[in-house]
Amino acid sequence: MTAPDTPIALCPDHYPHFQCTGSRCEDSCCIGWRVHLDKKTYHYYKQNQHKALRKLFELSVKRSETKGDDKHFGVISMSEQGRCAFLDQDNLCLIQKNLGHQALSKVCATFPRRANQLGIQVEYSLSISCPEAARLILLNQQPMVFVQTGIDTSLDNISSLAGALNNDTALMQLNDLRALVIGILQCRNLTIDARLILIGLLLEDFQSALQAPPASAGQLQEEVLQRFVALLGSPEALQKEIDQINPNLVLKMALVTAVIGNIPTSAHNNRFRNLLTEAAEGLAFKDMNPSSDRERIACHTEAHLRYYAPFFDQHAYILENYLVHYVFHSLFPFARQTLLTQYQELICNYLAITTLLEGQASFHKGMTEELAVTTIQSYSRFAGHYTHFKETISRVIEEQGLDDMRQLFMLLAREKS
């Protein structure tokens, strides 16, 4: 048992169970993205004289072009196929094989684990861009639970918001907001889309309370939280009211086309490129360019009602787990952005994923757990590691005029059969 004065961290209940599958991994983290080296590891590799690795260290360990901080001091160059120079034919790491786990850089030794810090509060999570982590995160049919664990001293590359949360009151208020957001996402008496619309309404009201005069802001925030907790007591009435919102499929297709159309198909990750091509074909995209609005919407509607909905009506926990993970892993709603901006990004990522799932379901004439995990993991790997994609989403939101919550709600509204 942990002693009362032992530092602790918060993590999802699946976190302690992760184990790397090594050469059995179907989407190696050593292929298709840049591997950064901290300063200490960079110099250790450059000075290492191991007979099997010396030449590779000399040729493939480079100084970072950006001349970044000590955590991004160097990089490992990739082959033309996007493979790490130290990856052998069995997709195993030559550094670990010859020098042991302790010789790995901090990034390689800890991925897909991630540490966040909010004030003095430390949190651990897994990156869903790892296939094994994705299975742990997405396929548990029970609502995700958060537990306490000991501090992992190897995870010293921490994303911190300590400066933005410089008092206990600010941290407690946002913690309460996040707890309610997760509570709404796990309210299984509502459809996933209704949960997201309710969260939008919550964030809109909470943002107004944040902007109130300091003397009344705290009380107004508490009142907003209490009001939405009370709403969850009548889920049937809430669902009925939200179902009155009419979907805007033309706008949804325009948004998703713009988001997915900015994904570079020349990326080294063949797994994601193939998935994207199949989904595009399933939704009547031709050579990655959309056909007519009428044809696209008809194809989308058939894919949704015939192949997508029957599966996800029974497996809604997969999307629920994705969203709960997104909230916890991405520091939502603690990030240094407005609540609306964070919500816009969440919705764009969710719509891109569900559209890819619809396309995959249409292409394969059905959906499975394995296909759902592969789609969400592959997209998340791209979106989380392609440097400019977040800026792309922001630009698309601006171009589509989606700075109004009601417009976002029409993108989320359930399609009528």
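Note that the structure is a prediction, hence the values are computed from the model and not measured.

(A) Looking closely at the nonpolar core. Counting residues in each nonpolar core, the largest one holds 97 residues, and the members touching the most others are Leu 138, Leu 177, Leu 196, Leu 202, Phe 312, Tyr 343 and Leu 357. With twelve residues, the top contributor of residues to this core is helix H14 (residues 339–364). If sequence neighbours within four positions are ignored, Phe 312 has contacts with Ile 318, Leu 319, Leu 357, Met 367 and Ala 372. The next biggest cluster of nonpolar side chains, apart from the first, holds 18 residues, and it includes Leu 37, Tyr 45, Ile 76 and Phe 86.

(B) Seen up close, the pairing of strand E6 (residues 121–126). The buried fraction of E6 is high, at five of six residues. In the sheet, strand E5 (residues 113–118) pairs with E6 via six bridges, with the strands oriented antiparallel. From the neighbouring strand, Asn 116 faces E6, where its bridge partner is Glu 123. Where E5 hands over to E6, the hairpin turn is made up of two residues, of which Gly 119 adopts a positive phi near 65°.

(C) Structural detail: the environment of Gln 19. Among the secondary structure elements, Gln 19 is positioned in the loop between strand E1 (8–12) and strand E2 (35–37). Judged by relative accessible area, which is 61%, Gln 19 ranks as exposed. When the C-alpha positions of Gln 19 and Ala 133 are compared, they lie 8.5 Å apart, and in sequence the two are 114 residues distant.

(D) How the structure looks around the confidence of the model for the protein chain. For the protein chain, mean pLDDT is 85; residues scoring 70 or higher make up 89% of the total. At the level of individual helices and strands, the protein chain shows its lowest average pLDDT in strand E10 (residues 289–290), which scores 56, and its highest in helix H13 (residues 316–329), which scores 97.

(E) Representation of the side chain of Ser 105 within the structure. With respect to the helices, strands and loops of the structure, Ser 105 is situated in the loop between helix H3 (94–99) and helix H4 (106–110). What makes Ser 105 buried here is its relative accessible area of 1%.

(F) Looking closely at helix H11 (residues 270–282). Spanning 13 residues, H11 covers 18 Å between terminal C-alpha atoms, matching the ideal 18 Å at 1.5 Å per step. Within H11, the full set of buried residues consists of Phe 272, Leu 275, Leu 276, Ala 279, Ala 280 and Gly 282. Projected onto a plane normal to the axis of H11, the buried residues spread over an arc of 160° and lie on a single side. Residue Ala 284 follows H11 closely and has a positive phi angle near 65°.

(G) Layout of the sheet that holds E2. Ordered in space as E2-E4-E3, the three strands form an open sheet in which the pairing is antiparallel. Every other strand in the sheet has two partners, leaving E2 and strand E3 (61–63) as the edge strands with one partner each. Put simply, the sheet's adjacent strands are angled 35° from each other on average, direction ignored. Packed onto the sheet, helix H1 (residues 39–47) meets E2, E3 and strand E4 (74–76) and runs at close to 130° relative to E3.

Rules used in this analysis
- Residues numbered from 1 in each chain as written.
- Predicted model: local features only at pLDDT ≥ 70, side-chain atom pairs only at ≥ 80, totals over all residues.
- Heavy atoms only, no water.
- Core = buried A, V, L, I, M, F, W, Y, C linked by side-chain atoms within 4.5 Å.
- Buried < 20%, exposed > 50% of the residue type's maximum accessible area, 1.4 Å probe, protein only.
- Helix = DSSP H or I, 4+ residues; strand = E, 2+ residues; numbered from the N terminus.
- Contact = heavy atoms within 4.5 Å.
- Pairing = 2+ DSSP bridges.
- pLDDT = per-residue confidence, 0-100.
- Expected span 1.5 Å × (residues − 1).
- Arc of directions from axis to C-beta.
- Axes fitted to C-alpha atoms, helices over the stretch in contact; angles between N-to-C directions.

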